[in-house]
Amino acid sequence: MNVIRGVVIGITLLSMLTCWLLYQQLEEATETNQNLNNSLSQSVSAQNALNSTIITLKEDEKKAQIAADNMEKTLSTMNKTKERVVVTIRESIKYEDCYAMPIPTHDGWLYQQSTPSRH
C-alpha cells in the first residue's frame, strides 16, 4: 500500500508541477499575444495615418499641377502680350528720332543700332 501511495503522491506532484509549468507557459503566451496585439494596433494606426498622408499628397499634387498649368498659360499670355507691345512700339516709333531709347523685349531691352531712314 505504501508503494501505491508513494506512486499516487509522485504522480500527483508531477501533475501539479506539469500544470504549474503549463500555466506559466500560458501566462507567457498570453502576454506575448497581448504585446503582438498592441503592436498590430500601432501598425494599423500608422498605416492609416500613412494612407491619409498619401491621399493628401495626391490631392496636393493635383492642385499643384493645376496651378502650374495655370501659371504656364498666364506666362504664355504675358509673353504674347509683350511681343505685341514690342511690335506696337516698334511700329509707332519707326519713323521717330528716338532710336537711342531702349525698347522693352521679352528678355531685356533692345537698343536700335542704326539711324532711321526718313520716308
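This structure is a prediction, so every number in the text was calculated from the model and none was measured. One numbering rule holds for all chains: residues counted from 1, following each sequence as written. Under the rules for a predicted model, residues below a pLDDT of 70 receive no local features and side-chain atom pairs below 80 are neither given nor counted, while totals for whole chains, interfaces and linings still include all residues. To get the side-chain values, all heavy atoms of the structure are used, and hydrogens and water are removed first.

1. Notes on the overall build of the chain
Along its length, the chain carries one helix and two strands. For each residue, the accessible area found with a 1.4 Å probe, counting protein chains only, is set against the maximum for its type, and the residue is called buried under 20%, exposed over 50%, and partly exposed in between. Here the chain holds 119 residues, and 4% of them are scored as buried. Intrachain contacts of the chain at a sequence separation of at least 6 include 7% that bridge at least 24 residues. Here the accessible surface of atoms and residues is derived via Shrake-Rupley with a 1.4 Å probe, and residues count as covered only by protein chains that are part of the display. In the structure as shown, the chain presents an accessible area of about 10,600 Å², 61% of it carried by carbon and sulfur atoms. Numbering of helices and strands starts at the N terminus; helices are DSSP runs of H or I of at least 4 residues and strands are runs of E of at least 2. Any pair of residues with heavy atoms lying within 4.5 Å of one another is described as a contacting pair.

2. Brief notes about the UniProt feature "transmembrane region" (unreviewed entry) in the chain
According to UniProt, the "transmembrane region" (unreviewed entry) feature falls on residues 6-23. Taken end to end, residues 6-23 is 100% helix and 0% strand, and its first and last C-alpha atoms sit 25 Å apart. UniProt positions are given in the numbering used here, feature names are shortened, and annotations may be inferred rather than shown by experiment.

3. Digging into a nonpolar patch on the surface
Together, Leu 14, Leu 17, Trp 20 and Leu 21 make up an exposed nonpolar region whose accessible area comes to about 430 Å². Looking at where Trp 20 falls in the secondary structure, it is placed in helix α1 (residues 2-93). Residue Trp 20 is classed as partly exposed on the basis of its relative accessible area of 49%. Exposure above 30% relative accessible area and the absence of a salt bridge qualify a residue for a patch, where like charges join within 9 Å and nonpolar side chains (Val, Leu, Ile, Met, Phe, Trp, Tyr) within 5 Å. Salt bridges, as used here, are contacts in which a Lys or Arg side-chain nitrogen is within 4 Å of a carboxyl oxygen on Asp or Glu.

4. Examining the environment of Asp 107
Residue position: Asp 107 is located in the loop between β1 (102-105) and β2 (108-111). The exposure class assigned to Asp 107 is exposed, which follows from its relative accessible area of 64%. Measuring from C-alpha to C-alpha, the distance between Asp 107 and Lys 82 comes to 9.8 Å, with 25 residues separating the pair along the chain.

5. Examining the confidence of the model for the chain
Considering every residue of the chain, the mean pLDDT works out to 87; 83% of them sit at 70 or more. pLDDT runs from 0 to 100 and stands for how confident the predictor is about each residue. Per-element mean pLDDT across the chain ranges from 68 in β2 up to 93 in α1.

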